[in-house]
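Structural description and commentary
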Amino acid sequence: MPEQGAPTPHLEQRTAAAGTEPPAAAVRRTGLLVTLLLGGLTATPPLAMDMYLPSLPEVTDSLRAPAATVQLTLTACLLGMALGQLVVGPMSDRWGRRRPLLAGLLVYVVATALCALAPNVEFLVGFRLVQGLAGAAGIVIARAVVRDLYDGVAMARFFSTLMLIGGVAPIVAPLIGGQILRVTDWRGVFVVLTVIGALLAALVWARLPETLPAAERHTGGVTDALHSMRRLLADLPFTGYMLTGGFAFAALFAYISASPFVVQEIYGASPQTFSLLFGVNSVGLVVVGQINGKVLVGRVGLDRVLGVGLLTVTAAAAALLLMTAGVFGEVGLFPVAAGLFVLMSAMGVTLPNAQSLALLRTRHSAGSASALLGTSSFLIGAVASPLVGMAGEGTAVPMAVIQLVAALVALTCFMAMCRPWNTRAIAEGAEN
């Protein structure tokens, strides 16, 4: 295993020998702006989904579509982000990070603009699929850039920093969405998303340097990319961390897709109240993520912190199931909101540490590894999304059931495949 320190020394040494400037040095020149850009790219999923959440009931009425069908607009976007990462990740390993990223952002802007013009729910689902496919570039390449530059503890801390920046998006996105609905309809939400996407693409074009030098790129085609992914999946701990993060994300996305209806339809809250509660939960995720990066990482083992986070998610999901099923009698919005707050906050240690531990297993295929991590999370989340609406809009039990099952599966994968007590064997099995 490499030393768990600051930027990866082997990368700087090889790029210097090849006569090019080390990518870490290029990023240090631009400093905070590049960090904010990577955070903006990481924020693509919450921007594309969370700003739209308060308008879901309005979309249902406007397009005269059932709630379960409208929830498919979330599933389509999530599915697109999952599949797009499988393509963009290997592309970035072969052609570098900048070109695939810029191409994806341009298509994302066009698809988002078309969402604002969708005449019916079928077109909206289709445009959301394309939006997700293109938006995948920002997600997968942001993680690959971090892996280009950092290793070990430094990488885990940087992921926590990205969670702070990216965590601002789910805080402000539904709040902005709720305010947009005061002056326009749901189509205006997509207009704002189009403008944000265009600004992000312009900043990436102007200020984000290439972090993968030519000497480090893969020259093979699809066969080589598939071989890299097969090798990664054959590594049991990598696959374990991948599935752990994926099912934890499914518990999170069950909340994302069901909470607009649970809070507004079942408990009678306004879109603005829902946006406020969603923002408070996101603050919990960001604060715990910063505690993870600034306090825990480097002092407590990543596996131990991840295990505690998974146990907390499982306990919160179990409590929510008991409350929504009426075991404690009729409960109001506040107890349910408190349970969701605990669940969301625990994601601040669960998701970044699962990603860091998985990426520590690979050195030369960061794009492919990032693609597998993202694809598994989004595919599992895409399955969870329609399940929470199968029992209709009048009960929150399906949301709680999906959250609990996903948390239990994540915990099982972590214990059975990652074997966190056997850290020496894990270190010896990591890719050199």
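Here is a short report on the structure shown in this document. Per chain, residue numbering runs from 1 following the sequence as it is written. In view of the model being predicted, local features appear only for residues whose pLDDT reaches at least 70, and side-chain atom pairs are presented and counted only at 80 or more, with totals across whole chains, interfaces and linings using the full set of residues. In computing side-chain properties, one takes all heavy atoms of the structure into account and sets aside hydrogens as well as water.

**Observations regarding the overall build of the protein**
The following threshold applies: Numbering of helices and strands runs from the N terminus; a helix is a DSSP stretch of H or I covering at least four residues, while a strand is a stretch of E covering at least two. Buried residues are those whose accessible area, probed at 1.4 Å on protein chains only, stays under 20% of the maximum for their type, while exposed residues exceed 50% and partly exposed ones sit between those limits. We call two residues contacting when some pair of their heavy atoms lies within 4.5 Å. Where accessible areas are quoted, they stem from the Shrake-Rupley method and a 1.4 Å probe; at the residue level, only the protein chains shown are allowed to cover.
Along the backbone of the protein there are 18 helices and zero strands. Relative to its full complement of 432 residues, the protein shows a buried share of 59%. Here the contacts in the protein between residues at least 6 apart in sequence split such that 86% fall between residues at least 24 apart. Carbon and sulfur atoms provide 69% of the accessible area of the protein, an area that totals close to 16,300 Å².

**Let's talk about the packing of helix α12 (residues 236-266) against helix α15 (residues 333-359)**
Note the cut-off: To obtain each axis, a line is fitted to C-alpha atoms, and for helices this fit is confined to the stretch in contact; angles are then taken between N-to-C directions over 0 to 180 degrees. In these notes the angle categories are as follows: under 35 degrees is roughly parallel, over 145 is roughly antiparallel, 65 to 115 is roughly perpendicular, and the rest is oblique. Put simply, a crossing is left-handed when the front helix is turned counterclockwise from the back one by less than a right angle, and right-handed when it is turned clockwise.
Running from N to C, α12 and α15 point in directions that differ by 155 degrees, and their axes come no closer than 9 Å. With respect to α15, the element α12 is oriented roughly antiparallel. When you trace α12 past α15, the crossing you get is left-handed. Residues F238, Y241, G245, A248, F249, A251, L252, Y255 and V263 of α12 pack against L333, L340, L343, M344, M347, T350, L351, A354, L357 and A358 of α15.

**Description of the state of the cysteines**
Put simply, the rule is: A pair of sulfur atoms, both from cysteines and within 2.5 Å, is called a disulfide here.
One pass over the structure, following the stated rule, counts zero disulfides. Counting only cysteine sulfurs, C115 is the nearest neighbor of C77, a cysteine outside any disulfide, at a range of 7.8 Å. Given a relative accessible area of 0%, C77 falls into the buried group. What makes C115 buried here is its relative accessible area of 0%.

**Examining helix α10 (residues 186-207)**
Because an α-helix packs 3.6 residues into every turn, residues spaced three or four apart end up facing the same way. The test is simple: One less than the residue count of a helix, multiplied by 1.5 Å, gives the span that helix is expected to have.
The terminal C-alpha atoms of α10, which comprises 22 residues, lie 32 Å apart, in line with the 32 Å expected from a rise of 1.5 Å per residue. Taken residue by residue, α10 has W186, G188, V189, F190, L193, T194, G197, L200, A201 and V204 as its buried positions.

**Focus on a nonpolar patch on the surface**
Condition: Only residues whose relative accessible area exceeds 30% and that form no salt bridge are eligible for patches; like-charged ones are grouped when within 9 Å, while nonpolar side chains (Val, Leu, Ile, Met, Phe, Trp, Tyr) are grouped when within 5 Å. Between Lys or Arg on one side and Asp or Glu on the other, a salt bridge is scored when a side-chain nitrogen of the former is within 4 Å of a carboxyl oxygen of the latter.
A cluster of nonpolar side chains, L79, L83, L86, V87, L129, L133 and L379, forms an exposed patch at the surface whose accessible area comes to about 480 Å². At the level of elements, α6 (67-95) and α8 (121-149) are the ones that each hand at least two residues to the nonpolar patch. It is α6 that contributes the most residues to the nonpolar patch, four residues altogether. Considering the arrangement of structural elements, one finds L133 in helix α8. L133 sits in the partly exposed class, given a relative accessible area of 35%.

**Observations regarding the packing of aromatic side chains**
Our working definition: Each Phe, Tyr or Trp ring, with Trp reduced to its six-membered ring, pairs with another whose centre is within 6.5 Å; inter-plane angles below 30 degrees give stacked pairs, above 60 give edge-to-face pairs, and intermediate values give tilted ones.
Enumeration according to the criterion identifies four aromatic pairs in this entry. Seen in terms of ring centroids, Y52 and F190 are 5.2 Å apart; in terms of plane orientation they differ by 50 degrees. Their pairing is tilted. You can see Y52 sitting in the loop between α4 (44-50) and α5 (56-62) and its partner F190 sitting in helix α10, a full 138 residues away along the chain. Each member of the pair, Y52 together with F190, is buried. Relative to F127, the ring of F123 lies with its centre 6.0 Å away and its plane at 45 degrees, an arrangement referred to as tilted.

**Some remarks on the nonpolar core**
Counted only if it meets this: Think of a nonpolar core as a cluster: buried Ala, Val, Leu, Ile, Met, Phe, Trp, Tyr and Cys residues, connected wherever their side-chain atoms sit within 4.5 Å.
Y52, L124, F190, L252 and M347 are the most contacted members of the largest nonpolar core, which totals 74 residues. Ignoring any residue separated from it by four or fewer positions in sequence, one finds F190 in contact with Y52, T112, C115, A116, L124, R128 and Q131.

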